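# A closer look at the structure
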Amino acid sequence: MKQLFILMVLLFLGCGPDPIPAPKPSVLILPDNLNTCNTASRVNDFESQVRFQWTAALDTESYQLVIENTLTRQKRTVSTSLLSESVRLSSGAPYSWYVVSKSLLTDAVGQSSVWQFYLEGNPEASHFPFPAQLLEPQNKAELGLDDSNSLLFQWNGNDLDGDIESYELYLGESTDELSKEREGLTNNQTEIQLLANTLYFWQVVSIDREGNHSFSEIFQFQTL
Amino acid sequence: MVDIQHTYIGDLTLYLESPDGIQYLLSSEIGESDNDYTQTLFDQEATSAIFEAEAPFTGSFQPLQDVSELYGTSSFGTWKLIVNDLYVEDSGQLLEFTLDLCVQGIPLANSDDDSIVDENDNCPLLANENQEDIDGNGIGDVCDIFSTRNISLTKKNTSCPEKDNGSLTFDARAEYDYNVTVIGPSGFQKELIFTTQGKTLEGLAAGNYDICVRANSFPDFESCFETQITAPLALNVQAILNSSTSILDLDLSGAESFNVKINNETKTFVQGEKVQVVLSQKTNFIQVTTDNPCLGVFEEWINLGENAKVFPNPVSNEATLILPKARSASIALFSGAGDAIWESRHQATNNEVVLIPMNQLQPGWYLIRIDYASYSETLKVLKQ
C-alpha cells in the first residue's frame, strides 16, 4: 500500500498539468539609467552608499543584484528577497547593474535590462611641478665646447607630490624661437651638440603624472 | 628686580629664563624664616653676592649663577622669572618683577621692525621673523619673487563626466600682487589677481589650460604653466539622440569590439569609433553587445514619434497621462513591489488624455507601463 502511494505521488508530479513557470524579469527603478552624475550618499572621500531599487517580478522568490565597475570590471553580487538594496561603492567610477530573478522551483532565471550610471567622485588636488631650476650652463656664461661639439645641460626639478615624469628641453637662438630639442627625459641632465660662436637660449619644461607642465626661466649663453 | 612677600622666605628658589630657554639660578633657599625679598635687584655688576646677604635683601646683589654670558645677546622674546616654593607649609606672593636692560653703542638699522637687523636679515624690507628660505639662496621667501618655489599651483579634475567643476588654485610665498591669465577650451579666458593669501578659480570645464603668472611691480617676472583638466570616462555606451535630425550618436568604450543592432540590422564597431546612426523608423530598438557575454547588454527603445508623458510628477491625487496621437495601448499602473494596481485599455480613436487615480496609494515609486502593439514604454512616477 505504501509503495502504491509513492508511485501515485510520482505519477502526479510527472504528469502535472502546468509546467513550472520561469521567473520573469524585474523592471529597474533607481538609480536612473545613464545618469552621468549620481551623487548618492557620501560615506567618505572614497566611497558612497548607493540605493538600488527594482520592481517585484512574477514567479520569483529572490533577486540577485549584480553591480559591475565598468572600468575595473570588478563585480559585486548581492542576494536578497527584498526589492531594494543599499551598497557601498567606490566613488569616481562608472557602474552598470541588473537584477536576476530566481526561483527555487526552477533553474531558469529572469534578467532585467542593464542600466548604467556614473558615481560622482572627489578628485584630489594635484600640485604642479615647481619650475625647474637651471644649473648649467649658467645664465650669460661664455663657454667653449668639447671635442664632439657638445655641451652638458643640467637642472633641478621639484614637485610637492614628487610625481615628475619627464622633462623637455627647448633651445634656440632667440627667446621667441625656442624649439623642442629633447623630450621624455627622465634624468635632470642631457648632452646636446651645438655650434661654436653662437648665442643660445634654453628652457626646461617639467611634466608630472597628472599632465601638469611648468616652464622654467629662459637662460642664455654664448659658445666660443 | 623682584619683590616677594613670603612667611618663610627660605622655601624659595628663583630662576631667570632667557628667550632661548636657558635658566639661570638667581638665589636658592636663603633667609630661612625671615620675611621677604624686598626690592631685590640681581645685578652681575653688584659688589656683594646674594648668598652673603640677609633678608629682606634690599639692594643690588650678584645672582648665584653668572649671567654675564647674556651680554650682547638679543633681548627679543619672552623672559621668565621662575619662583619655586618647594615646601608645603607657608605661602606668599610675587608683588613685583621688572627686567632692566642696559644698551650700549649705536643701534643697527632694522627697516622692517622685525627682530633681525638689516645686515643679518634675508629680507630687510619685509618683516619675516622666521627667516624662511626654502631654496637656500640667501633671499628670504617673502622677498624672493624669482625663487622657483615661489608660485605654487594645484589642480582638481572634474568630479563627473559632464560636470564643469574642475579648479585651479594659486598661491605664492613672496608678498606681491600677482596677475594670472588663464586661457582654456572653447574661448575660455580669465584674469585674476592673487596674493600670498591664495585664490581658487572654480567651475572649469575639462580641457587644456595655459596659465601665466606675472607681477606688476616686477615686469621681468613671468611664470607659465600648462595643464589638462580631465573628466572621468563616460559610461560604456552612451546614446545621445538629436531629435531634430533623427541621428543617434553612440559612444562605445570598455571592450574591443561592439555589435550594434538597430532594429534588425547588426553592425560591428571597434572601441573609440564614433558611431552615428540615422533612425528611419518611428520606433527603433537599439541593442549593443560585445564578444564578452559578461559585459552585459545595452538595450534601449527610441521612439521618434511622440512618447507618452505623465504629469504632475511627483503626483498627489491624480496622474494625467498623455499618449501619442492615434495609438491603441494597454496601460497598467504597478507599485514598486510589482503589483498591478490599475489597468485600462485605450483605443486609438479616444482622446489622448488618460487619468490615473492615485489618491488612495501609499507614497513611493510607481511605474506606468504602456503596451503598444509593436513596443512598450515604462514611465516612473513618484507619489507624494
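Counting restarts for each chain, with residues numbered from 1 along the sequence as it is written. As a convention, the first chain written is A and the first ligand written is 1, with the rest following in written order. The predicted origin of the model limits local features to residues at a pLDDT of at least 70 and limits the giving and counting of side-chain atom pairs to 80 or more, whereas totals for whole chains, interfaces and linings rest on all residues.

### A closer look at the confidence of the model for chain B
Residue and element names in this part refer to chain B. Heads up, the condition is: The pLDDT value tells you how sure the predictor is about a given residue, anywhere from 0 up to 100. Segments assigned H or I by DSSP are reported as helices when at least four residues long, segments assigned E as strands when at least two residues long, and all are numbered from the N terminus.
Mean pLDDT over chain B stands at 83; residues scoring 70 or higher make up 91%. Element-level mean pLDDT values for chain B span from 64 in strand β15 (residues 237–242) up to 96 in strand β10 (residues 178–183). Per the prediction output, this complex has pTM 0.64; the corresponding ipTM is 0.80.

### As for the sheet that holds strand β11 (residues 126–127) of chain A
Keep this limit in mind: One requirement defines pairing of two strands: DSSP has to find at least two bridges between them.
If you trace the 4 strands from one edge of the open sheet to the other, you get β11(A)-β8(B)-β9(B)-β12(B), paired in antiparallel fashion. Of all the strands in the sheet, the pair left with one neighbour each is β11 of chain A together with β12 (199–204) of chain B. The pairing of strand β8 (residues 151–156) of chain B with strand β9 (residues 166–172) of chain B spans 6 bridges and is classified as antiparallel. From the neighbouring strand, B:Leu153 faces β9(B), where its bridge partner is B:Phe170.

### Observations regarding the pairing of strand β25 (residues 340–346) of chain B
Here strand β24 (residues 329–335) of chain B runs beside β25(B); their pairing, made up of 6 bridges, is antiparallel. By the bridge assignment for β25(B), B:Ala332 is matched with B:Glu343.

### Things to note about the nonpolar core
A general tendency of soluble globular proteins is for nonpolar side chains to be buried together. The line we're drawing: Note on terminology: a nonpolar core is any set of buried Ala, Val, Leu, Ile, Met, Phe, Trp, Tyr and Cys residues joined through C-beta atoms within 7 Å. The exposure label follows from counting other C-beta atoms within 10 Å of a residue's C-beta, where the C-beta atoms are placed from the backbone and the thresholds are 20 or more for buried and 12 or fewer for exposed, leaving partly exposed in between.
Counting 33 residues, the largest nonpolar core has A:Val204, B:Leu153 and B:Ile211 as the members making the most contacts within it. Of the residues forming this core, the biggest block, 4 residues, is contributed by strand β18 (residues 199–208) of chain A. One finds A:Trp54, A:Leu65, A:Tyr118 and A:Leu119 within the second-largest nonpolar core, a separate group that totals 19 residues.

### Considerations on the pairing of strand β4 (residues 47–54) of chain A
All names here are of chain A. Residues Ser48, Val50, Phe52 and Trp54 of β4 are buried on one face, while the alternating residues Glu47, Gln49, Arg51 and Gln53, pointing to the opposite face, are not. Note: strand β1 (residues 28–30) against β4, 2 bridges, orientation antiparallel. Each bridged residue has a counterpart across the sheet, and for Leu30 the counterpart in β4 is Gln53. In the sheet, strand β3 (residues 41–42) pairs with β4 via 2 bridges, with the strands oriented antiparallel.

### Brief notes about the interface of chain B and chain A
The following threshold applies: We call two residues in contact when their backbone-placed C-beta atoms lie within 7 Å. Each residue is assigned to one class: nonpolar for Ala, Val, Leu, Ile, Met, Phe, Trp, Tyr, Cys and Pro, charged for Asp, Glu, Lys and Arg, and polar for all the others, Gly among them.
Across the boundary between the two partners, chain B contributes 39 residues, which contact 37 residues of chain A. If you tally residues by element for the side of chain B that touches chain A, the top one is strand β14 (residues 218–229) of chain B, at 6 residues. Of the residues belonging to the side of chain B that touches chain A, the class tally is 15 nonpolar, 16 polar and 8 charged.

### Focus on the sheet that holds strand β22 (residues 309–311) of chain B
Residues and elements named next belong to chain B. Stated formally: Lines are fitted to the C-alpha atoms to define the axes, a helix being fitted only along its stretch in contact, and any angle between axes, read from their N-to-C directions, falls within 0 to 180 degrees.
Pairing in this open sheet of 3 strands is antiparallel, and the strands run β22-β23-β26 from one edge to the other. Edge strands, defined here as strands with exactly one partner in the open sheet, are β22 and β26 (353–357). Direction aside, neighbouring strands of the sheet carry axes that sit 25° apart on average. Judged from the 5 bridges that link them, strand β23 (residues 318–322) and β26 form a sheet pairing that is antiparallel. For Thr320, the partnering residue across the bridge sits in β26 and is Leu355.

### A few points about the confidence of the model for chain A
Residue and element names in this part refer to chain A. Here chain A averages 87 in pLDDT, and 92% of its residues register 70 or above. When pLDDT is averaged over each element of chain A, strand β19 (residues 213–215) comes out on top at 96 and helix α1 (residues 2–14) at the bottom at 42. In the predicted structure, residues 1–16 sits below a pLDDT of 50 and forms 0 contacts with residues beyond four places in sequence or in another chain.

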